[in-house]
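Architecture at a glance
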Amino acid sequence: MTDRPITYSAAMVLALLERRKTQTRRLATSPLRRCEPGDRLWVRENFRHWQGSASRKTAVYAADGLWWDHGSGWQGKPEGISWCSPVTPSIHMPRWASRLTLLVEAVRVEPLQAISAADALAEGINTIQFYPDEGFPLCDGYSHLKNDGKSILQPTPQGAYENLWRLLHTKEGQRWEDNPDVLVLTFRVEAGNIDSLAA
């Protein structure tokens with residue numbers, strides 16, 4: 001068993017917290033290509049480090065505003081706090097501040113465009129119900145974002161995942177139309193710091 005870090009955007013962190021995301025695709029050349037079933041991934045996300053607590057180990061998570069003092073275990077969302085410290089990018093999150101652990105259950109490699117509808121939903125794609133126009137019936141659309149009125153809805157989960165991939169991968173050889181091989185990791189989400197979970 002090996003422990004490795006993995007970074008996620010706020011939208012994907014929320015999908016993990018809601019247990020909608022149980023799969024991730026990374027380029028086959030990713031350092032995660034060495035993952036095997038049984039490995040653990042500790043999630044890195046954007047956060048603020050507040051040093052005013054006794055432990056000096058309080059993280060405030062950008063995705064949902066949760067405060068977690070990793071020294072005492074206290075969690076909450078205080079009201080009326082204004083910040084003067086900037087958000088720390090996910091890549092710089094230390095291991096102690098991670099609040100989500102992914103337990104790898106399966107690993108495979110496949111072409112990017114081989115993603116199925118079920119796998120796209122496992123990637124955290126949202127099913128969004130909407131009325132396209134007055135007088136028309138309720139329809140399902142799909143997006144990697146919440147139904148905030150700004151999401152570009154797609155008719156299939158794969159279309160929504162394609163939109164997400166295009167946002168993140170613009171280099172030649174990595175783009176959707178290049179159809180690169182991707183590493184597919186299927187995992188179980190555990191709420192908690194990796195070092196507080198039984199190995």
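Heads up: the structure comes first, above all this text.
Residues numbered from 1 in each chain as written. Predicted model: local features only at pLDDT ≥ 70, side-chain atom pairs only at ≥ 80, totals over all residues. Heavy atoms only, no water.

In this structure, Arg19 is a non-glycine residue whose phi angle is positive, near 60°. Summarising the element assignment, Arg19 is placed in the loop between helix H1 (10–17) and strand E2 (23–27). For Arg56, which is not glycine, the phi torsion reads 60° and is therefore positive. Relative to the assigned elements, Arg56 resides in the loop between strand E4 (47–50) and strand E5 (58–61). (Helix = DSSP H or I, 4+ residues; strand = E, 2+ residues; numbered from the N terminus.)

With that out of the way, let us pick up the sheet that holds E4. Reading across the sheet, the four strands line up as E4-E5-E6-E7 and stay open at both edges, with antiparallel pairing between neighbours. Both edges of this open sheet fall to E4 and strand E7 (75–76), since each of them pairs with a single strand only. Taken together, the four bridges between E4 and E5 define a ladder with antiparallel strand orientation. Each residue of the ladder has a partner; that of His49, found in E5, is Ala59. (Pairing = 2+ DSSP bridges.)

Right, let's get into H1. Of the positions making up H1, those classed as buried are Met12, Val13, Ala15 and Leu16. One side of H1 holds all its buried residues, which, seen down the axis, span an arc of 160°. Packing partners of the buried residues in H1 comprise strand E3 (40–44), strand E8 (100–111), helix H3 (157–168) and strand E11 (181–191). With its phi angle positive at about 60°, Arg19 sits one or two positions after the end of H1. (Buried < 20%, exposed > 50% of the residue type's maximum accessible area, 1.4 Å probe, protein only. Arc of directions from axis to C-beta. Contact = heavy atoms within 4.5 Å.)

Mapped onto the secondary structure, Gln23 falls in strand E2. Within polar-contact distance, the side chain of Gln23 engages the side chain of Thr186 at 3.4 Å. (Polar contact = N/O pair within 3.5 Å; in protein donor to acceptor, adjacent residues only side chain to side chain.)

In this model H3 runs 17 Å from its N-terminal to its C-terminal C-alpha over 12 residues, within 8% of the 16 Å that 1.5 Å per residue would give. Considered for burial, the residues of H3 that qualify are Pro157, Gly159, Ala160, Tyr161, Leu164 and Trp165. (Expected span 1.5 Å × (residues − 1).)

Let us look at the sheet that holds E11. Across the sheet, which stays open at both edges, the five strands sit in the order E1-E3-E8-E11-E2 with mixed pairing between neighbours. Single-partner strands in this sheet number two, and they are strand E1 (3–7) and E2. Across this sheet, the average inter-strand angle for adjacent strands is 40°, counted without regard to direction. Note that E8 and E11 share 11 bridges and pair antiparallel. Along E11, the bridge assignment pairs Leu102 with Val189. Contacts from H1 reach E3, E8 and E11, with the element oriented near 110° to E8. (Axes fitted to C-alpha atoms, helices over the stretch in contact; angles between N-to-C directions.)

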